[in-house]
Amino acid sequence: MRYGHFDVEADEYVIERPDVPVSWTNYLGTKNLCTVLSHNAGGYSYCRSSQQGRITRFRPNGVPLDRPGHYVYLRDDADGDVWSVSWQPVGKPLAADGVPDGAEYTAAHGLGYTRFESAYRGIRATQTVFVPLDDDVEVWDVVVHNDSDARRELTVAGYVEFSFHTITIDNENLQMSLYASGSSYADGIIEEDFHYEPWTFHFFASSRTPDSYDSLREEFVGPYRTEANPIAVERGHGSNRSGTTQNQCGALLHKVALEPGESARLVFLLGYGSRDAVGRAMRDKYADLATVDAERARLRAHWRAKQDRLRIRTPHEGMDTMINTWTLLQAETCVQWSRFASFVEVGGRNGLGFRDTAQDVMSVIHSNPTKTRQRILELLRAQTEAGYGLHLFDPAAFDPDAPRLPDVPSPTIVPTRSRGDLIHGLADTCSDDHLWLVPSVVEYVKETGDVAFLDEVVPFAEGTPATVYEHLLRAIDFSSAQVGENGVALGLRADWNDCLNLGGGQTALVTFLHAWAIRALLDVARPLGRADVGRLEAELERIATVADAELWDGEWWIRGYTRDGVTIGSAANEEGKIFLEHQAWPVIAGITTPERGRASMDAVRRLLGSRYGNHLNWPAFTKVDDTVGFVTRVYPGIKENAAIFSHPNAWPIIAEALLGRGDEAVAFYDAILPYHQNDNVEVRGAEPYAYVQFIYGRDHEQFGKAQNPWLTGTAGWMYTAVTKYVLGVRPGLDGLVVDPSIPRDWDGFEMQRVWRGATYTIEVRNPGHVSRGVVALEVDGAPQDPAAPIAPRPDGARVRVVATLG
Ligand code: GLC
């Protein structure tokens, strides 16, 4: 069953039926203000921090779904009938269900905006919600149109429920949240203030002077009511009251009269800052509808410019739609907003996860070099002198330039933390965090050509300065020191798999990642003639020998050893015979033979594969064993215990591409591609335009159901897997490599790629229907050695490349 479709022309996903059984969300905002918004206008906003900068409230996992939200109500003043521009919160019966005179609803998620549309009893209305590029406001562009042949008198009411700015206090300590925030109304603007923290304000305004307002939730909604039937809307006017305690809201009610065929357009604004310092100026700015149009156009151009940095046209419609729009958006979202704000992760944590961020940045260097660089610097500052990364950290704590808020004496005593408290020791260290950063920095240098970045000085977490290159060496050296007698990497708290806790044992995954990171560093160290090349090469050789001797199980790679020396991920095991997440890395790191590479990928397909993607392990664990880890305490078929965990599904795609098996690579891609599940929503549940963290595995009765959308490394890795390995266009230090590995039945494909200021139009032809092997390469009409990278061109150049496979 389907609930919507991809509108490729408009770069929108259009929800045709709003009664999707779960929330389908979008992310608005590119700078400081972020809104997570569902297709029914439920959701919340925050400024900078989802933990400390909350603007609106959200009741996660509530009944009904998605409350509260950013709502526009409509009331027919002739008879008091009330509905909303988004289907919820009023939830009128749907015409789509065959209800006579039922309401029609659609919602469209686009790049940085969401539009709700309704048609009910002759009134058509739209509410387009977006966050402009440079202002910390959320704009609702509302148009109400009278399609009937009678004059209509309506009340149009915008409503948000404010949150105390710190989510933990908002949820846990109501004596602060209820009694320490207040609101006032002046000049048509509601301001929420936090009396003892006079630098935090929120406001709600509209382009016209409202006829009435409410800023106390209980006044607007009324006792024993919900957002579905607020008393103020039912009555047609607010109570015009504000106050210095209780639950604060912003509700502005307008009287609108429309002749037949007439429209009214008004704008609501939700923002961060005080009425005097920001609210009035923002209201005046966006009361000018031409400015609203201009800001929407700027936002569109912003996203289009990102898309234009890399566009593909292949015979695979789903791949084109996802890569050109949705996977790019999701990857950008993870880098911009990190991984703590969604409807599942509701913002109770702050800062960055080292491992996740270090991976996420790799995919959007071409589309967001500035943010990538900022994130890389934040990660480097959270790397310890010993070389490992701080698993979860607040970048502001290590940023000398981060703005410091005034220190208000609090009645609640919270122990003051010193820098030393923020740096954890080995007991809390993961064996992989730091390794992901090395290839990310190298990819950054290859993409931008900014070799000097390697010599920039950035302090370690302890404050000691070192060059970026030294940071990367420390990461490698830390892992070189953390090996057991057999040379296999020691398991620490965890590695990529949070639930496999091999402390005291050993991990094959980290052994392989270590090799991959060394190879990446060599890619820059060799051409730059760095002194460490020899020892890095020797270490790589050592790891290849260890992997070969210790970690091959016969048909696939073992996962490691527990602290008791028991092998896991081996055919000899009863449970957890094979794991997914490490199988691809010996190929990607270039430390194994093609035979073993192919055998391990075949085992993945045979034992872990399914129509929804590859399972993380098989068979699922059913017996608790803490020497293996928390995974043994998770229900079979869920999350890390034999679910289809999306993120590591990208790595076998890369391995298959590198093995030259384009058909197998794209088959792996297709299995887990959300796009293919558009008509299977009764099983999938989650958005067909976003990857999720995991899909229930075959051991679970909900096999195929997708959970925890948006905040996953999958998007970034899928983007990398497709663009750099299947389509095979990879920036190198001194040239662009074109080395596709595609399905044999493709006649070819095209990619437009901006690289270091020049635009490359790359056409790949596949007359012989092979997967891999460029036999002829033409650059601007001139034949070139097909094995040599294409040298960088001057800024602004347009370069035409034709590569022929054979
Ligand atoms: C979650 C974590 C990520 C981890 C993965 C597997 O997605 O954010 O860091 O690698 O789970 O356990």
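Predicted model only: the values in this text are computed from it and were never measured.

Definitions and cut-offs
Residues numbered from 1 in each chain as written. Predicted model: local features only at pLDDT ≥ 70, side-chain atom pairs only at ≥ 80, totals over all residues. Heavy atoms only, no water. Near = heavy atom within 4 Å. Polar contact = N/O pair within 3.5 Å; in protein donor to acceptor, adjacent residues only side chain to side chain. Areas by Shrake-Rupley, 256 points an atom, 1.4 Å probe, with all protein chains shown as cover. Nonpolar A, V, L, I, M, F, W, Y, C, P; charged D, E, K, R; others polar. Helix = DSSP H or I, 4+ residues; strand = E, 2+ residues; numbered from the N terminus. Contact = heavy atoms within 4.5 Å. Axes fitted to C-alpha atoms, helices over the stretch in contact; angles between N-to-C directions. Parallel < 35°, antiparallel > 145°, perpendicular 65-115°, else oblique. Left-handed = near helix turned anticlockwise from the far one by under 90°. Salt bridge = Lys/Arg side-chain N within 4 Å of Asp/Glu carboxyl O. Buried < 20%, exposed > 50% of the residue type's maximum accessible area, 1.4 Å probe, protein only. Expected span 1.5 Å × (residues − 1). Pairing = 2+ DSSP bridges. Core = buried A, V, L, I, M, F, W, Y, C linked by side-chain atoms within 4.5 Å. Domains from an automatic or database assignment.

1. A word on the site of the ligand
Surrounding the ligand, one finds Arg339, Arg355, Asp356, Trp496, Asn497, Asp498, Glu640, Phe645 and Gln693. Between the ligand and Arg355, the relevant distance is 2.9 Å, taken from an oxygen atom to a side-chain nitrogen or oxygen of the residue. A total of 310 Å² of accessible area belongs to the ligand in isolation, and the protein chains cover 87% of it. Partitioned by chemical class, the residues of the shell around the ligand number two nonpolar, two polar and five charged.

2. What about the side chain of Ser600?
Checked against the element boundaries, Ser600 lands in helix H16 (residues 594-608). Excluding its chain neighbours within four sequence positions, the residues that come into contact with Ser600 are Trp552, Glu555, Trp556, Trp557 and Gln583.

3. Observations regarding the packing of helix H12 (residues 468-481) against helix H14 (residues 533-551)
The interhelical angle for the contact between H12 and H14, taken along N-to-C directions, is 40°, at an axis separation of 12 Å. Regarding the angle of H12 to H14, the classification is oblique. For H12 against H14, the interelement crossing comes out left-handed. Contact residues: Leu473, Ile476, Asp477 and Ser480 in H12; Arg535, Leu536 and Glu539 in H14. Per-class residue counts for the contact of H12 with H14 are three nonpolar, one polar and three charged.

4. Some points on the pattern of salt bridges
The tally for this structure, following the rule as stated, stands at 76 salt bridges. One salt bridge connects Asp141 with Arg296, and the closest N-O pair in it is separated by 3.7 Å. Placement of Asp141 in strand S11 (residues 137-146) and of Arg296 in helix H6 (residues 289-308) is noted, with a sequence separation of 155 residues between them. According to the relative accessible area criterion, Arg296 is partly exposed, its value standing at 31%. Among the salt bridges present, the one from Glu447 reaches Arg753, with a minimum N-O distance of 2.8 Å. Remark: Arg753 occurs in strand S34 (residues 748-755) and Glu447 occurs in helix H11 (residues 433-448); sequence separation between them is 306 residues. Among the residues examined, Arg753 registers a relative accessible area of 2% and is labelled buried. Put simply, Arg57, Arg59, Arg67, Glu161, Asp170, Arg217, Glu218 and Glu227 are held in one network by salt bridges that share partners.

5. Side note on helix H13 (residues 508-525)
With 18 residues, H13 should cover 26 Å at 1.5 Å per step; its first-to-last C-alpha distance of 25 Å lies within 8% of that length. Most of H13 is tucked away: 16 of the 18 residues are buried. Where H13 begins, one side-chain oxygen reaches toward the backbone nitrogen of Leu509, 3.2 Å away; that side chain belongs to Thr507.

6. Digging into H11
Here H11 is 16 residues long and its end C-alpha atoms lie 24 Å apart, about the 22 Å a rise of 1.5 Å per residue gives. With respect to burial, H11 is a largely interior element, 15 of its 16 residues being buried. One or two residues past the end of H11 sits Gly449, with phi positive at roughly 75°.

7. Some remarks on the sheet that holds strand S25 (residues 560-561)
An order of S24-S25-S26 is seen for the three strands of this open sheet, with the pairing classed as antiparallel. The two strands at the open ends of the sheet, each matched to only one other strand, are strand S24 (506-507) and strand S26 (567-568). Note: S24 against S25, two bridges, orientation antiparallel. Paired with Gln506 across the two strands is Tyr561, which belongs to S25.

8. Topic: the nonpolar core
Formed by 235 residues in total, the largest nonpolar core has its most connected members in Phe220, Trp585, Trp651 and Tyr669. For this core, the leading source of residues is H13, giving 14 residues. Once residues lying within four places of it in the same chain are set aside, the contact partners of Trp585 are Trp436, Leu509, Phe512, Leu513, Trp516, Gly590, Trp651 and Trp717. Formed by eight residues, the second largest nonpolar core is a distinct cluster that contains Ile568, Phe579, Phe621 and Val628.

9. What to know about the domain arrangement of the chain
The domain architecture assigned to the chain consists of domain 1 (21-303), domain 2 (351-406 + 418-540), domain 3 (552-722) and domain 4 (729-805). For domain 1 versus domain 2, the separation of C-alpha centres amounts to 42 Å.

10. Notes on the side chain of His39
Positionally, His39 belongs in the loop between strand S4 (33-38) and strand S5 (43-47). Judged by relative accessible area, His39 falls into the buried class, the value being 2%. When sequence neighbours within four positions are dropped, the list of residues in contact with His39 reads Ile15, Pro18, Val20, Val22, Ser23, Trp24, Ala107, His109 and Phe116.

11. Let's talk about the pairing of strand S12 (residues 152-161)
Counting buried residues in S12 gives nine out of 10 residues, a clear majority hidden from the surface. Across 10 bridges, the pairing between S12 and strand S17 (residues 248-258) is antiparallel. Within S17, the position partnered with Glu161 by the bridge is Cys249.

12. A word on the environment of His582
Structurally, His582 is set in the loop between strand S27 (578-579) and helix H15 (585-588). Separated by 59 residues in the primary sequence, His582 and Asn641 place their C-alpha atoms 15 Å from one another. In this structure His582 touches Ala508, Leu509, Phe512, Trp557, Ile558 and Arg559, once residues within four positions along its chain are discounted.

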